[in-house]
Amino acid sequence: MFDLYDLLRLLVSAFFILPIVSLIRESGYFLIATLLGAKNKHIYVGAGPILFRLPSIEIRRYFFITSWVTYDEIQPDHKFWHILIYASPMLSNIFVAAVINSLLGAEVIGGEIFWNTFLFYTFYFVLFDALPVYHPDGQPTNGRAIYDVIRHNHWHTSERRYDDPDHPAARTKEQEETIKNRDRDMDRREDG
């Protein structure tokens, strides 16, 4: 039965644990981008108006909804490094989860309910980030981005070059199909 205690756990999860897991995830991108010489790096957590801003981190009012990292192109611009960038949020969450799990197992830290919830969200992020699919807006999960680099020698960048289908930043056929399906579904809803 869902009671008041469960409601409290839900609120702690949504407003505290989820943003921390998001920040750990985005820190993976940030760290690897830094190691690969990217400039102009910023972590964004949330949506809506800005709640507060630090030099490289921006927290928005609805901080539990979404997160992302921006950076200039990495050097060297090679497919292996792009695979590492796409794998980095999953690896950072797995690393932190392994450390937390070890500390729980060694009984160094307590609060098992809190940490089990933390581990649940961590592995939830990893699982859904690893699925090789496109979101309806055509953006790939990291699993799909890794697949595209390996299979199609294609990586997703902020600098799109759609006019050159041979450029690594051009959309894949599957990505275009996902966007067309989304648009078709939206048209059907509007007509129906």
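Provided above is the structure to which this section pertains.
Here the residue numbers are simple positions, counted from 1 along each chain's written sequence. For a predicted model such as this one, the threshold for reporting local features is a pLDDT of at least 70, and the threshold for listing and counting side-chain atom pairs is 80 or more; totals across whole chains, interfaces and linings nevertheless cover every residue. Here the side-chain values reflect all heavy atoms present in the structure, with hydrogen atoms and water set aside.

Novice: Would you take a moment to explain the nonpolar core for this structure?
Specialist: Side chains of nonpolar character tend, in soluble globular proteins, to be buried together. To define a nonpolar core, start from buried Ala, Val, Leu, Ile, Met, Phe, Trp, Tyr and Cys residues and group those joined through side-chain atoms within 4.5 Å. Relative accessible area decides the class of each residue, using a 1.4 Å probe on protein chains only: under 20% of the type maximum gives buried, over 50% gives exposed, and in between gives partly exposed. With 19 residues, the main nonpolar core has Leu36, Ile74, Ile85, Tyr86 and Ile146 as its most contacted residues. Helix and strand labels come from DSSP, where a helix needs a run of H or I of at least four residues and a strand needs a run of E of at least two; each type is numbered from the N terminus. Those elements giving two or more residues to this core turn out to be helix H1 (4-35), strand S1 (42-53), strand S2 (57-70), helix H2 (79-105) and helix H4 (142-152). When residues in this core are grouped by element, the largest group, four residues, is from H2. When neighbours within four sequence positions are excluded, Leu36 is seen to be in contact with Ile74, Gln75, Trp81 and Ile85. Contacts are residue-level and defined by heavy atoms, with any inter-residue pair within 4.5 Å sufficient.

Novice: Any chance you could explain the packing of H1 against H2 here in plain terms?
Specialist: Packed helix pairs are specified by the crossing angle of their axes together with the interaxial distance, meaning the distance between the axes. The interhelical angle for the contact between H1 and H2, taken along N-to-C directions, is 135°, at an axis separation of 8 Å. Between H1 and H2, the angle falls in the class oblique. In terms of crossing hand, the pair formed by H1 and H2 is right-handed. Counted together, Val21, Ile24, Arg25, Gly28, Tyr29, Ile32 and Ala33 of H1 and Leu84, Ile85, Ser88, Pro89, Ser92, Asn93 and Val96 of H2 form the full contact between these two elements. Axis angles are defined between N-to-C directions and span 0 to 180 degrees, where every axis is a line fitted to C-alpha atoms and, for a helix, only to the segment in contact. Working rule for angles: under 35 degrees goes down as roughly parallel, over 145 as roughly antiparallel, 65 to 115 as roughly perpendicular, anything else as oblique. In a left-handed crossing the near helix is turned counterclockwise from the far helix by less than a right angle, and in a right-handed crossing that turn is clockwise.

Novice: I tried to follow the side chain of Arg25 on my own but got confused; where do I start?
Specialist: Structurally, the position occupied by Arg25 is in helix H1. Here the side chain of Arg25 touches Glu26 through a polar contact of 2.6 Å, side chain to side chain. With near-sequence residues (within four places) excluded, Arg25 lies in contact with Pro89, Ser92, Asn93, Phe125, Asp129 and Asn142. As used in this structure description, the phrase polar contact means that two N or O atoms lie within 3.5 Å; if the pair is within protein, one of them must be able to donate a hydrogen and the other to accept it, and residues adjacent in sequence are counted only when both atoms belong to side chains.

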